Amino acid sequence: MGKLSDESTPAGEEAAVAADLVAAELDEQSRLDAQRLPWLIRMYGVIVLLDGLVTLPIVVFASIAAVRAIMRGELTFHAASLTAILTGMQALVLIADAAALIVFGVLLLRNRRRYAARWAYVLMPVTLAEGMLSLALDGLGVNLIAPAVGMAILVAVSIACDPGLAEERRLQRALKRMDDRDAYDAAVRAGMLGRDPSGKGYIALDFFNIFWLFTVACVFGLAIETVYHFAMYHGELQDRAGLLWGPFSPIYGCGAVLVTVALNRLWKSNPFLIFCASAVIGGTFEYATSWFMEVAFGITAWDYTGQWLSIDGRTSGKYMVFWGLIGVVWVRWILPRLLALINRIPWKVRYSLTAVCAVLMLVDIVFTLMALDCWYGRMAGLPQDSPITQWFATHYGDAYMANRFQTMTIDPSKAGRV
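Residues numbered from 1 in each chain as written. Predicted model: local features only at pLDDT ≥ 70, side-chain atom pairs only at ≥ 80, totals over all residues. Heavy atoms only, no water.

## So, the side chain of Arg240
So, step 1. As for its position among the elements, Arg240 is in the loop between helix H8 (207–232) and helix H9 (250–263).
So, step 2. Only 2.6 Å separates the side chain of Arg240 from the side chain of Glu225, close enough to count as a polar contact.
So, step 3. Side chain to side chain, Arg240 and Gln238 meet in a polar contact 2.2 Å long. (Helix = DSSP H or I, 4+ residues; strand = E, 2+ residues; numbered from the N terminus. Polar contact = N/O pair within 3.5 Å; in protein donor to acceptor, adjacent residues only side chain to side chain.)

Have a look at this one:
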């Protein structure tokens, strides 16, 4: 009995240590949730609350007035026109954005950090949709300043409010002070950084993780597509990049983020379920991307007309199967290893490196949109008399754009601009 008691003692001590770590983690999470938000963020909460309260009734009443004017025949409206469809979508997005801003502002004022961070992540795609619809209707100009500034503020507020990121920063400082190797090992055994602290999903859906998932998927997606095209088309090497600079294909980055967000809590599920969900998500996203590129810039980047289960040539059964297979591999095999790779980023440069890379990626995306907008303007015969359009015409003219984006063709008549 003595021997049995001696052997069970280490296991009991280890369980007690684990319980203490869990209790300490819960206490720290509660402390972070209760910590008061900075006055600047609370002031921002007042601004967005007022913005939502003012914008919501204005957009709703303006939409109702427009509908009544159309019904009385005072306003010409072609329901089937692309511009009318985009305008209706923009009104719905503005209503959703205003309603979400009201909720977000109330949460910030009531110091609900965790829920405020979640609503910030909800508002990001809504703000992105608002900017994309504005781009499709009015082109690239000052109309995109407000969505861009709003997105930047949402990212900053989500980072400041998210208790998971705050706990990660606290652990970073604690690890720097640890001299005892055993204490360090105990902290590591408590769970890999970046994991979902609730345990419901695999990965914590914060800006840090999502940015690196996006970036890595952009690069590897482009590599896979380039190799596939090279193998299928008798050794033809084609530039299939989606941004002006660098080996990035944002459709794969966005697709990886969508699949991760949607299937984060299904990572232990049956692979067939993951396959079906990934196929639907990937096919829907591919269709939406093709549609947006056409209505915003008149660009056709791919055409699957005539293929099995082709849907308007924007997606097909063949590529939905590919999305499904990629989703299974991504969720069950790549994601855990990629999270481990992300955690290899040294502590000292973890956030500074992410911030610098995010800014560089943002600059690449903005310049790409500007180059595409100028390309559209030249093809549509619009005056190119501003310094910006002339600079892009000189450095990124039609020949350069056609060579850089070799899979794209542009037809201004397909766009839905006002």
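## Considering the packing of aromatic side chains
So, step 1. Summed over all chains, the structure comprises 17 aromatic pairs.
So, step 2. Here Tyr304 and Tyr319 contribute two aromatic rings whose centre-to-centre distance is 4.3 Å and whose plane-to-plane angle is 15 degrees, an arrangement assigned as stacked. Placement of Tyr304 in the loop between strand E1 (299–300) and helix H11 (317–342) and of Tyr319 in helix H11 is noted, with a sequence separation of 15 residues between them. An identical accessibility class is assigned to Tyr304 and Tyr319; each is buried.
So, step 3. When the centroid spacing of 6.4 Å and the interplanar angle of 75 degrees are considered together, the rings of Phe367 and Trp391 count as edge-to-face. Of this pair, Phe367 sits in helix H12 (residues 350–380) while Trp391 is found in helix H13 (residues 387–395), placing the two residues 24 residues apart along the sequence.
So, step 4. Note on Trp391: relative accessible area 36%, which makes it partly exposed.
So, step 5. Among the aromatic residues, those joined into a cluster by ring pairs are Trp245, Phe367, Trp391, Phe392, Tyr396 and Tyr400.
So, step 6. When the ring centre of Tyr287 is taken as reference, the NZ or CZ atom of Arg314 above it lies at 5.6 Å. (Phe/Tyr/Trp six-rings, centres within 6.5 Å; stacked < 30°, edge-to-face > 60°. Buried < 20%, exposed > 50% of the residue type's maximum accessible area, 1.4 Å probe, protein only. Lys NZ or Arg CZ within 6 Å of the ring centre and 35° of its normal.)

## Focus on the nonpolar core
So, step 1. Core analysis: the largest hydrophobic core is formed by 35 residues, its most contacted members being Ile299, Leu372 and Met401.
So, step 2. Of all the secondary-structure elements, those providing two or more residues to this core are helix H3 (82–109), helix H4 (113–138), helix H10 (271–297), H11 and H12.
So, step 3. Three or more residues apiece are contributed to this core by two domains, here domain 1 (36–166) and domain 2 (191–414).
So, step 4. Those residues in contact with Ile299 that lie beyond four places of it in its chain are Ser290, Met293, Glu294, Leu372, Met408, Thr409 and Ile410.
So, step 5. Grouped together as the second largest cluster of nonpolar side chains are 27 residues, Phe214, Leu263, Ile342 and Ala358 included. (Core = buried A, V, L, I, M, F, W, Y, C linked by side-chain atoms within 4.5 Å. Domains from an automatic or database assignment. Contact = heavy atoms within 4.5 Å.)

## Section: H8
So, step 1. The terminal C-alpha atoms of H8, which comprises 26 residues, lie 37 Å apart, in line with the 38 Å expected from a rise of 1.5 Å per residue.
So, step 2. One side-chain oxygen at the N-terminal end of H8 lies 3.3 Å from the backbone nitrogen of Phe208; it belongs to Asp206.
So, step 3. In the segment just after H8, His234 is the residue with positive phi, at about 55 degrees. (Expected span 1.5 Å × (residues − 1).)

## Some words on the pattern of salt bridges
So, step 1. Across all of its chains, the model carries four salt bridges by this definition.
So, step 2. Across the salt bridge formed by Arg404 and Asp239, the nearest N and O atoms sit 3.2 Å from each other. Highlighted residues: Arg404 in helix H14 (residues 398–404) and Asp239 in the loop between H8 and H9, separated in sequence by 165 residues.
So, step 3. Residue classification places Asp239 among the partly exposed residues on the basis of a relative accessible area of 26%.
So, step 4. Glu294 serves as the salt-bridge partner of Arg314, at 3.2 Å between the closest nitrogen and oxygen. With Arg314 in the loop between E1 and H11 and Glu294 in helix H10, this pair connects stretches of sequence that are 20 residues apart. Each of the two residues, Arg314 as well as Glu294, counts as buried. (Salt bridge = Lys/Arg side-chain N within 4 Å of Asp/Glu carboxyl O.)

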